[in-house]
Number of protein chains: 4
Amino acid sequence: MKKAGRHFLQIPGPSPVPEAVLAATAQQVIDHRSPEFGALGTRVLGNLKKIFKTEHHVVIYPSSGTGAWEAAMCNTLSPGDKVLTYETGHFASLWAKLANRLGLVPVMAGENWRAGADPDIIEAQLRKDTGHEIKAVCVVHNETSTGATTRLKEVRDAMDAAGHPALLMVDSISGLGSADLRMDEWEIDVVVAGSQKGLMLPPGLSFNAVGPKALDYSKSAGIRRSYWDWSEMIAFNRTGYFPYTPATNLLFGLDKAIDMLLDEGLDSVFARHERLAEATRLAVQAWGLENQCQSPKHFSPVLTAVLMPEGHSADAFRRTVLENFDMSLGSGLSKVADKVFRIGHLGDINELTLMGTLAGCEMGFELAGVPYQRGGVDTAMRYLAQTGASGQH
Amino acid sequence: MKKAGRHFLQIPGPSPVPEAVLAATAQQVIDHRSPEFGALGTRVLGNLKKIFKTEHHVVIYPSSGTGAWEAAMCNTLSPGDKVLTYETGHFASLWAKLANRLGLVPVMAGENWRAGADPDIIEAQLRKDTGHEIKAVCVVHNETSTGATTRLKEVRDAMDAAGHPALLMVDSISGLGSADLRMDEWEIDVVVAGSQKGLMLPPGLSFNAVGPKALDYSKSAGIRRSYWDWSEMIAFNRTGYFPYTPATNLLFGLDKAIDMLLDEGLDSVFARHERLAEATRLAVQAWGLENQCQSPKHFSPVLTAVLMPEGHSADAFRRTVLENFDMSLGSGLSKVADKVFRIGHLGDINELTLMGTLAGCEMGFELAGVPYQRGGVDTAMRYLAQTGASGQH
Amino acid sequence: MKKAGRHFLQIPGPSPVPEAVLAATAQQVIDHRSPEFGALGTRVLGNLKKIFKTEHHVVIYPSSGTGAWEAAMCNTLSPGDKVLTYETGHFASLWAKLANRLGLVPVMAGENWRAGADPDIIEAQLRKDTGHEIKAVCVVHNETSTGATTRLKEVRDAMDAAGHPALLMVDSISGLGSADLRMDEWEIDVVVAGSQKGLMLPPGLSFNAVGPKALDYSKSAGIRRSYWDWSEMIAFNRTGYFPYTPATNLLFGLDKAIDMLLDEGLDSVFARHERLAEATRLAVQAWGLENQCQSPKHFSPVLTAVLMPEGHSADAFRRTVLENFDMSLGSGLSKVADKVFRIGHLGDINELTLMGTLAGCEMGFELAGVPYQRGGVDTAMRYLAQTGASGQH
Amino acid sequence: MKKAGRHFLQIPGPSPVPEAVLAATAQQVIDHRSPEFGALGTRVLGNLKKIFKTEHHVVIYPSSGTGAWEAAMCNTLSPGDKVLTYETGHFASLWAKLANRLGLVPVMAGENWRAGADPDIIEAQLRKDTGHEIKAVCVVHNETSTGATTRLKEVRDAMDAAGHPALLMVDSISGLGSADLRMDEWEIDVVVAGSQKGLMLPPGLSFNAVGPKALDYSKSAGIRRSYWDWSEMIAFNRTGYFPYTPATNLLFGLDKAIDMLLDEGLDSVFARHERLAEATRLAVQAWGLENQCQSPKHFSPVLTAVLMPEGHSADAFRRTVLENFDMSLGSGLSKVADKVFRIGHLGDINELTLMGTLAGCEMGFELAGVPYQRGGVDTAMRYLAQTGASGQH
């Protein structure tokens, strides 16, 4: 039985889809070879570049974000190539695992589940690689398992400082559309992204934004591929079409979602995320709980991962919240399973939905017998009231 | 530009429409003379009786609730007839005004915008009417302008005690589906209701539930009418059809909404409303503000009307909340215009939406410079956490 | 069980609702007192004037078209007033019946179920009324029961020729948006209309377009009314609001539907209807069947009513079509019950849907054992192919 | 500008999506790790087996059908493995091309774009392969480019007759849900399918149905893969979940679409397709045009590819139809580009939509100056009327 009222979907993605985007996806499917489709494809592919802040190519796959990771690697790297990874959390570790599966050789620069990637460590590793065996540096922009956002400009600077020619490949699956990402300015070679986070769409689309160096690599290098191959895709995309049947209805939604993001303005979107994230962190602090991310400069605008007090199960707490208050929170993954729960504050979200979310957490602590200090909701509310007055929203 | 995130529609109706109900209304229209329609009409008309708790007739109009008021009077009363009204607030006063327009003679039994109707006053008035000139007692079940719910059983008992044969006509536009209403058990002769409150539909449908005595009256008495006439309607309804084109798509939605209410169980629906209303009142109290309704036994499960501190504009406050937090609150009406704002907590609502709502109010006080005590949100949260544990929801 | 494929809803209204209009009606309801609503109301009320081709007022009711008839009479006429009617079919007869119920005195100028109203007859009747007891001439623009469209300009000219001051009141419930209607140019005083025909909406809204003379009448004359009263409605409408809760979601749809009509261009809309109607008539002729409307100048662009061969039941035929081909056709009403079936070709319709419709009829004749000549579909197809080439569509 | 009326989407997929399926996909996204999702996944995965008529595994990918081809090969074959293909048309040729890209060695058994695969040729080829170097026989069930349906049982029998142990891999992207497919009874090892054809969904999901022998192969053989890997997928599917974020909203739609198919009954679905296909072929014949498929036993229930008269452009014809009658027809692909147009008659389609479709073709011939015999529409109509009477639908 459907519970009364709106479900609070506060996992760090999929994020709630705006009504207008859902409606767009529910339009009757059209012929993907028609002039009407060509116009849609051209518009979406063009506008997507604004979201990635690139003048180059954005490739759209009917697939989950995982597929876009595979695509990024398949198109640019060859079996045996070394890739430098940095384990900022579960998703960074999955990338390394994927590299392994594809016959690449992942080299872990560092591991820290409580901060973003440290550019000094990356620089040091690259300096050691005098033979330039490392073909790509792979970092996660926003680590969805820990709530730590790596500063990509610092990574680029580190690579430049080391004078290393590796590709910079970035997983921004949960970053894009929520945290600033400047592909061209920061000289990122490949960005991997997905539809179901900051883009406010249902899951089912993923992206590769492809810079000129990566495109160049793809012509000579690569792993056996067909579905993920960039060349045919880019060729078809020139006129707004796709080499195989695209996920038309999700493209209808993407078209609408991009409009909404550009309408709000990317800077406003990012500021909104930052403000709601800060309110969340203030609540966590007031509760006397610990943020999984310990490095303030890496605090995520997308989600906040909260450490449970010793001896208390995060999953039991999440279950209490789901059953009593119909809210989904994110679980802790692998290393931090059952130790951490994650509050998503991304996508189509505003102050009052966040306040409902934080109240759901605070009431959940009470019901689940989790030790905490009162006042989290209150503190977040003060902050939002103060910053609301400034008219920044 | 659409603001990011979900709008909080916390006026005392229209209430937010569940996604599944909206989807139902968006189905392709069908032939209102087809067998398929007859089955729909039969099912809806049958199930509606469960909502009104009656074995008699429920008539559906394509109209606003105002129209159903007119229908109730047109079908049963004749020009010059006296009707006893009780001004519990703006909507009760509108009913008297309507009676005037229709050539009836409203007699105001009492006036109290801070409580439900007093049965003793009604009884006294009826006892005085030894000639039985009063043909109907008209009371508002849930007064949407003040948040006071009249105890209908007490009104019936008062009428019986007075041995008065007048019809009991009840406006339950904002009560039905949120506050218990037992048409047959309480011997109500006509219930007037609308779609956009507890029934969780968009506005556009209204109802007359018609008991045997009222139906009998309608055969001899009445004001000139055609659209509102019960007899043709009831005749067509027998096979699930309507004498004129019905609002088919709203009926699709009604069919779904009734399913959802019966699925949750009416008693659960009412308990949910009571609990959220109590949380709201605790917040208001903690803020040091006054409930427009001063009579605890009449506190409304549907909405809470809050008096602003002297010298502060309720409308300015509401504007602050709308602009800063994208929440619509109800305005004060006529006598209490700008002095009262109203928090709707009806229909498809749950704990976290209420918490967002209350947080929006508390932050709004801060931003609008309204004097208040902190702690309203906190108090509501404690109450919901305590009562949540009991599993009553 | 839902049959496979799209139902063909080819009754003369409700007509199929475009996907985009359905989607518009399925948006979350908003506060009908909010600035956002005021903007919607202002836009819709302004654009509606373009559809009625008037500079005066258009009033929107949450009601069926029947209600708007009642409104037109209640606001302008007083008990005992004579109204001249012309029985062009079932709906014209209902108007006279309604006048009776409201205490007016209908005078039937003429009766002809096989043509539009004859202006000469109207003129003659008016000339006889030297005392100007007739307060209104009531004609049906497009008679939905017979498929005859009265030429309104001729009626106006007849009234002018007779020098009679009566109001001209027009039922354009099934005409508006399908057949040209020029309220101001033709000096029509009141137009009655509905949402579910040429406006391509679900049923549930109705309209009164009100000219200055009618508005003037409404200030001194009229029948007791409240819901239907123009004055309060027009006063509220000035800022885009309504005196009682409007059917918000149908207004969302109306906003979209008007956009679509204006986008296509009213002249194109009317030409499209004329062309599809002509194709239908050619098919009927080829089948050797008779058009209920015998007067070519009154042929309707909205629907075609077809007489069954003697001894064959129209309703049995319609049932065969519904069961075998999932198409709804209109039934014959009152006098022509079971003798006529009606093919709707109005609203959101194009050539191929019409061809499917005509094929459904032709196959239905075969299955139901109705004597007919082959070639109807073929003939319609030739006509559409020839006229398609001219690029007029 | 959107043209008036419904677009006729008569390409051989994507096919028109039923309103109820579109509505299902437009529901708010849910947590793909929630109990609610687990129940959905379990139900969908279970019911899908009925559609494939298998007791084994069905794997769902967020991808186009092309991806599912790649998945089938990646999981079972190793670089250098020979695969026997049979070029029944464009899509069969793409499969061979894909095999090449993946490092496999396609061996073309036969080539015939005007019939289904010939089992004798396959048997002969397999008999020659005494060393069993051929690891898989890859056939297309319903060749979407030509309208030829290969009889899979005959292929299985041929393989058995040859005593060859190769896997039987079948592309049923456009067959599933329209043409009978009995995976287990016909001992098919892998079926590749997609969402946007007989399953009546928008594009974006694809499928691998996996038999025990194929699953066994996948444990030791295979090409480097991650996204497409069966093992992790099947492991997660056990409880209704997926190893990476699934396309949740398309799964909502799939759940609904399967319900509709099972509700109609697969046999009825297939019979409906056969009947509409026969009507189409009769029309083509009457027009004096040639079916691309010359082999009656291979005529497709899904689409009919029609050869244009010599010297006439199929694409010009299709453009005429699109511009004049708002209908999309399928284009000829590769070898038959501009020589063939394709009429899709699959998915959520019924008689009247087909009649509109055929009328659009016949009128298009007229407008585009294509030589043809009149009477196609008429002939189809006679056939449907005759067979309609038998109540088989």
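Reading guide: rules and limits
- Residues numbered from 1 in each chain as written.
- Chains lettered and ligands numbered in written order.
- Predicted model: local features only at pLDDT ≥ 70, side-chain atom pairs only at ≥ 80, totals over all residues.
- UniProt positions renumbered as here; feature names shortened; annotations may be inferred.
- Pairing = 2+ DSSP bridges.
- Helix = DSSP H or I, 4+ residues; strand = E, 2+ residues; numbered from the N terminus.
- Axes fitted to C-alpha atoms, helices over the stretch in contact; angles between N-to-C directions.
- Contact = placed C-beta atoms within 7 Å.
- Least-squares fit on C-alpha atoms with pLDDT ≥ 70 in both.
- Buried ≥ 20, exposed ≤ 12 C-beta atoms within 10 Å, placed from the backbone.
- Nonpolar A, V, L, I, M, F, W, Y, C, P; charged D, E, K, R; others polar.
- Right-handed = clockwise from strand over helix to strand, strands pointing away.
- Expected span 1.5 Å × (residues − 1).
- Domains from an automatic or database assignment.
- pLDDT = per-residue confidence, 0-100.
- Arc of directions from axis to C-beta.

Labelled according to an unreviewed UniProt entry, chain A appears under the name Serine--glyoxylate aminotransferase, originating from Pelagibacterium lacus. Taken from UniProt, the Sequence similarities (unreviewed entry) comment for chain A reads in full: "Belongs to the class-V pyridoxal-phosphate-dependent aminotransferase family." Word for word, the UniProt comment on chain A under Pathway (unreviewed entry) is "One-carbon metabolism; formaldehyde assimilation via serine pathway."

## A word on the sheet that holds strand β3 (residues 82-87) of chain B
All names here are of chain B. Taken together, the seven strands give an open sheet; going across it, the order is β2-β10-β9-β8-β5-β3-β4, and neighbouring strands pair in mixed fashion. Unpaired on one side and paired on the other, β2 (57-62) and β4 (105-111) mark the two borders of the sheet. Each strand of the sheet is rotated relative to its neighbour by a mean of 20 degrees, with strand direction disregarded. Two strands pair when backbone bridges link them, and β3 and strand β5 (residues 134-140) are joined in this way by four bridges, in the parallel orientation. Across the sheet, the residue bridging to Lys82 is Ile134, located in β5. Sheet strands touched by helix α4 (residues 90-101): β3, β4, β5 and β8 (167-171). Its angle to β3, the strand with the most contacts, is close to 160 degrees.

## As for the relation of the copies chain D and chain A
The operation relating the pair of chain copies consists of a rotation about an axis and a translation along that axis. Overlaying chain D with chain A gives an RMSD of 0.0 Å, the required rotation being 180 degrees about an axis along which the chain moves by 0.0 Å. Taken together, the rotation and translation relating the two chain copies correspond to the operation of a two-fold axis. Taking the C-alpha atom as reference, chain D places Ser63 of chain D closest to the rotation axis, 2.4 Å from it.

## A short note on unusual backbone geometry
Residues and elements named next belong to chain A. Cis geometry marks the peptide bond from Gly13 to Pro14; its omega dihedral reads -5 degrees. Considering the arrangement of structural elements, one finds Pro14 in the loop between β1 (8-10) and α1 (19-25). For Glu187, which is not glycine, the phi torsion reads 50 degrees and is therefore positive. In this fold, Glu187 is placed in the loop between β8 (167-171) and β9 (190-194).

## Overview of the environment of Val17 of chain C
Along the polypeptide, Val17 of chain C turns up in the loop between β1 (8-10) and α1 (19-25). The class of Val17 of chain C is buried, set by 29 C-beta atoms lying within 10 Å. For the pair formed by Val17 of chain C and Glu187 of chain C, sequence separation is 170 residues and the distance between their alpha carbons is 31 Å. The residues contacting Val17 of chain C, other than those within four sequence positions of it, are Gln28 and Val29 of chain B together with Leu22, Met200, Leu201 and Pro202 of chain C.

## A few points about the interface of chain D and chain C
Every contact between the two is made by 37 residues of chain D and, on the other side, 37 residues of chain C. Contributing elements (two or more residues each) for the side of chain D that touches chain C: α9 (248-264), α11 (314-325), α12 (351-368) and α13 (376-389) of chain D. Here the element with the most residues in the side of chain D that touches chain C is α12 of chain D; it accounts for twelve residues. Among the residues making up the side of chain D that touches chain C, the classes are represented as 17 nonpolar, eight polar and twelve charged.

## Brief notes about the sheet that holds strand β13 (residues 327-331) of chain B
Residue and element names in this part refer to chain B. Reading across the sheet, the five strands line up as β1-β13-β14-β12-β11 and stay open at both edges, with mixed pairing between neighbours. Two strands bound the open sheet, and with one partner strand each, they are β1 (8-10) and β11 (290-291). In the sheet, β11 pairs with strand β12 (residues 303-307) via two bridges, with the strands oriented antiparallel. By the bridge assignment for β12, Asn291 is matched with Val306. Across the face of the sheet, helix α12 (residues 351-368) comes into contact with β1, β13 and β14 (340-344) while running at roughly 85 degrees to β1.

## Quick word on the pairing of strand β3 (residues 82-87) of chain A
A large share of β3 of chain A lies buried, amounting to five of its six residues. In this fold, β3 of chain A hands off to helix α4 (residues 90-101) of chain A, which returns the chain to strand β4 (residues 105-111) of chain A; that crossover is right-handed.

## What about the interface of chain D and chain A?
The partner chain A presents 43 residues to the 43 residues of chain D that form the contact. When residues of the side of chain D that touches chain A are traced back to their parent elements, those giving at least two are α1 (19-25), α3 (65-76), α4 (90-101), α9 and β13 (327-331) of chain D. Element by element, the count of residues in the side of chain D that touches chain A is highest for α3 of chain D, at four residues. Split into classes, the residues belonging to the side of chain D that touches chain A amount to 21 nonpolar, 17 polar and five charged.

## Regarding helix α12 (residues 351-368) of chain A
Residue and element names in this part refer to chain A. With 18 residues, α12 extends 25 Å from end C-alpha to end C-alpha; this agrees with the ideal 26 Å at 1.5 Å per step. Counting buried residues along α12, 17 of its 18 residues qualify, which places the element largely inside the surrounding structure. Following α12 by one or two positions, Gly369 has its phi on the positive side, about 70 degrees.

## A look at the environment of Trp287 of chain D
All names here are of chain D. Structurally, Trp287 can be placed in the loop between α10 (266-286) and β11 (290-291). The buried category is assigned to Trp287, around which 23 C-beta atoms lie within 10 Å. Residues Trp287 and Gln373 lie 86 residues apart in sequence; the distance between their C-alpha atoms is 4.4 Å. The contacts of Trp287, once residues within four sequence positions are left out, are Tyr372, Gln373 and Gly376.

## Examining the UniProt feature "modified residue: N6-(pyridoxal phosphate)lysine" (unreviewed entry) in chain A
UniProt feature "modified residue: N6-(pyridoxal phosphate)lysine" (unreviewed entry): in the numbering of this structure it lies at Lys197 of chain A. In this fold, Lys197 of chain A is placed in the loop between β9 and β10 (205-210).

## Let's talk about the domain arrangement of chain A
Residues and elements named next belong to chain A. When the domains of chain A are assigned, the result is domain 1 (8-15 + 265-389) and domain 2 (19-262). Taken over C-alpha atoms, the centre of domain 1 sits 27 Å from the centre of domain 2. Ranked by the residues each element gives to the side of domain 1 that touches domain 2, the list is headed by helix α10 (residues 266-286), at four residues. The class makeup of the residues in the side of domain 1 that touches domain 2 is 13 nonpolar, eleven polar and four charged.

## So, the confidence of the model for chain A
For chain A, the average pLDDT comes to 97, and 98% of its residues sit at 70 or higher. In the predicted complex, the global pTM is 0.97; the interface-specific ipTM is 0.97.

## Comments concerning the UniProt feature "domain: Aminotransferase class V" (unreviewed entry) in chain A
Here the UniProt feature "domain: Aminotransferase class V" (unreviewed entry) sits at residues 12-315 of chain A. The straight-line gap between the two end C-alpha atoms of residues 12-315 of chain A is 16 Å; of that span, 42% is helix and 17% is strand.

## Some thoughts on helix α2 (residues 35-52) of chain A
Because each turn of an α-helix spans 3.6 residues, side chains separated by three or four positions in sequence point in the same direction. Residues and elements named next belong to chain A. Taking 1.5 Å of rise per residue, 18 residues should cover 26 Å, and α2 covers 26 Å from first to last C-alpha, within 8% of that figure. Among all positions of α2, only Phe37, Leu40, Gly41, Val44, Leu45, Leu48, Ile51 and Phe52 are buried. Angularly, the buried residues of α2 cover 125 degrees about the axis, an arc narrow enough to put them on a single face. For α2, exposure combined with an orientation more than 90 degrees from the buried face picks out Pro35, Ala39 and Gly46.

## Focus on the pairing of strand β8 (residues 167-171) of chain C
Residues and elements named next belong to chain C. Judged by how many residues are buried, β8 sits mostly within the fold: five of five residues are covered. Because side chains alternate across β8, one face comprises the buried residues Leu167, Met169 and Asp171, and the other comprises Leu168 and Val170, equally buried. Where strand β5 (residues 134-140) meets β8, five bridges bridge the pair, whose relative direction is parallel. Residue pairing across strands places Ala136 opposite Leu167, the latter belonging to β8. In terms of strand pairing, β8 meets strand β9 (residues 190-194) through three bridges, oriented parallel. Residue Met169 lies in a different strand from β9, and its bridge partner there is Val190.

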